[in-house]
Amino acid sequence: MVAMSLKNLPLHERMRHALHGIGTAWQEASFRTELLAAVIAEGTLVWLKPPMIWDALITLMVALVLSAELFNTALERTLDGLHPQQAPFVKQAKDLAAGAVLILSLTSLILYGMMWGEMGWLQG
């Protein structure tokens, strides 16, 4: 298999490859779960209509969690392809990447809770 460079492709071709990557991530249960959480979070923003800073913070965290999951999936697939047997460094790398997703996810939940707290305080 010959590696293909995306460097000089037209924008629409690069976008097609990027969307294919997101489609590939859809195969991962964790990505689907995080996407569902993202839809709920964004729906909450539409419903609550919080101050714009909360819109920005929650939307940014959604993008960071989903992006981190894409990087995590890419790393896992790369390591599995290069080193199919579970060497200690492969497990460590996968655990570290999963830890990054976890930290962002927990931070997202904390911010989401803070938004709810402030909105309850503002309305009550």
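Scroll up a little and you will see the structure.
Read on for a plain summary of the structure. Just so you know, these numbers come straight off a predicted model, no measurement behind them. Residue positions within a chain follow its written sequence, with the count starting from 1. The model is predicted, so local features are restricted to residues of pLDDT at least 70 and side-chain atom pairs to those at 80 or more, both for listing and for counting; the totals for chains, interfaces and linings are taken over all residues. Hydrogens and waters are ignored; side-chain quantities use all the structure's heavy atoms.

1. Some words on unusual backbone geometry
Phi is positive for Lys49, close to 50°, though the residue is something other than glycine. Classification of residues uses two cut-offs on accessible area relative to the type maximum, computed with a 1.4 Å probe and protein chains only: under 20% is buried, over 50% is exposed, and between them is partly exposed. A relative accessible area of 65% places Lys49 in the exposed class.

2. Description of the packing of helix 2 (residues 29-48) against helix 3 (residues 52-82)
The relative placement of two packed helices is expressed as an angle between their axes plus a distance between the axes. For every element, the axis is a line fit to its C-alpha atoms; helices are fit only across the contacting stretch, and the angle between N-to-C directions ranges from 0 to 180 degrees. Labels follow the DSSP assignment, with helices taken as runs of H or I lasting at least four residues and strands as runs of E lasting at least two, numbered in each case from the N terminus. Orientation of helix 2 relative to helix 3, taken along the N-to-C sense of each, is 170°, at an axis distance of 10 Å. It follows from the interaxial angle that helix 2 and helix 3 lie roughly antiparallel. Packed against helix 2, whose contacting residues are Ser30, Phe31, Glu34, Leu35, Ala38, Ala41, Glu42 and Leu45, the element helix 3 presents Trp54, Asp55, Ile58, Thr59, Val62, Val65, Leu66, Glu69 and Leu70 at the interface. Taken together, the residues of the contact of helix 2 with helix 3 break down into eleven nonpolar, two polar and four charged. An angle below 35 degrees is read as roughly parallel, one above 145 as roughly antiparallel, one from 65 to 115 as roughly perpendicular, and any other as oblique. We call two residues in contact when some of their heavy atoms are within 4.5 Å. Classes in brief: Ala, Val, Leu, Ile, Met, Phe, Trp, Tyr, Cys and Pro nonpolar; Asp, Glu, Lys and Arg charged; the others, Gly included, polar.

3. Regarding the layout of surface pockets
In this model, the largest pocket occupies a volume close to 330 Å³. Cavity and pocket criteria rest on a 1 Å grid covering protein atoms alone: a 1.4 Å probe that fits but cannot get out defines a cavity, protein on both sides within 12 Å along at least 5 of 7 lines defines an open pocket, and an atom within 4 Å of a point defines a lining residue. Along the walls of the largest pocket sit 15 residues, with Ala37, Ala38, Ser105, Ser108 and Leu109 positioned nearest its centre. Those elements that place two or more of their residues in the lining of the largest pocket are helix 2, helix 3 and helix 4 (88-123). With six residues, helix 2 is the largest single contributor of residues to the lining of the largest pocket. Here the lining of the largest pocket is built from residues that sort into eleven nonpolar, three polar and one charged. Grid points are joined across faces, edges and corners, and a volume is the space filled by probe spheres set on the points. Taken as a whole, the second largest pocket spans an internal volume of roughly 160 Å³.

4. Observations regarding the pattern of salt bridges
A side-chain nitrogen of Lys or Arg and a carboxyl oxygen of Asp or Glu constitute a salt bridge if their distance falls within 4 Å. Under the counting rule described, the total for this entry stands at four salt bridges. Among the ionic pairs, Arg16 bridges to Glu13, the shortest N-O distance being 2.7 Å. Of this pair, Arg16 and Glu13 both sit in helix 1 (residues 11-25), three residues apart, which is roughly one turn of that helix. With relative accessibility at 48%, the residue Arg16 sits in the partly exposed group. Assessed through its relative accessible area of 22%, Glu13 is described here as partly exposed. Salt-bridge contacts for Asp95 lead to Lys91; the nearest nitrogen and oxygen are separated by 2.6 Å.

5. What to know about the packing of aromatic side chains
Between 30 and 60 degrees the pair is tilted, below 30 it is stacked and above 60 it is edge-to-face, where a pair is any two Phe, Tyr or Trp rings, Trp via its six-membered ring, whose centres lie within 6.5 Å. Scanning the entire structure with this criterion turns up two aromatic pairs. Between Trp47 and Trp116, the aromatic rings sit 5.7 Å apart at their centres with planes inclined by 50°, giving tilted as the arrangement. On the criterion of sequence distance, the pair formed by Trp47 in helix 2 and Trp116 in helix 4 is long-range, its members being 69 residues apart. We classify Trp47 as exposed; its relative accessible area is 61%. Overall, the relative accessible area of 35% leaves Trp116 in the partly exposed class. Ring centres of Tyr112 and Trp116 lie 6.4 Å apart, and the angle between their planes is 75°; this geometry places the pair in the edge-to-face category. Separated by four residues within a single helix, Tyr112 and Trp116 lie in helix 4, roughly one turn from each other. Here a set of aromatic residues connected by ring pairs shows up, and it is made of Trp47, Tyr112 and Trp116. Two limits define a charge over a ring: the Lys NZ or Arg CZ must be within 6 Å of the ring centre, and within 35 degrees of the ring normal. Its end group placed over the ring of Trp26, Arg32 keeps NZ or CZ at 6.0 Å from the ring centre.

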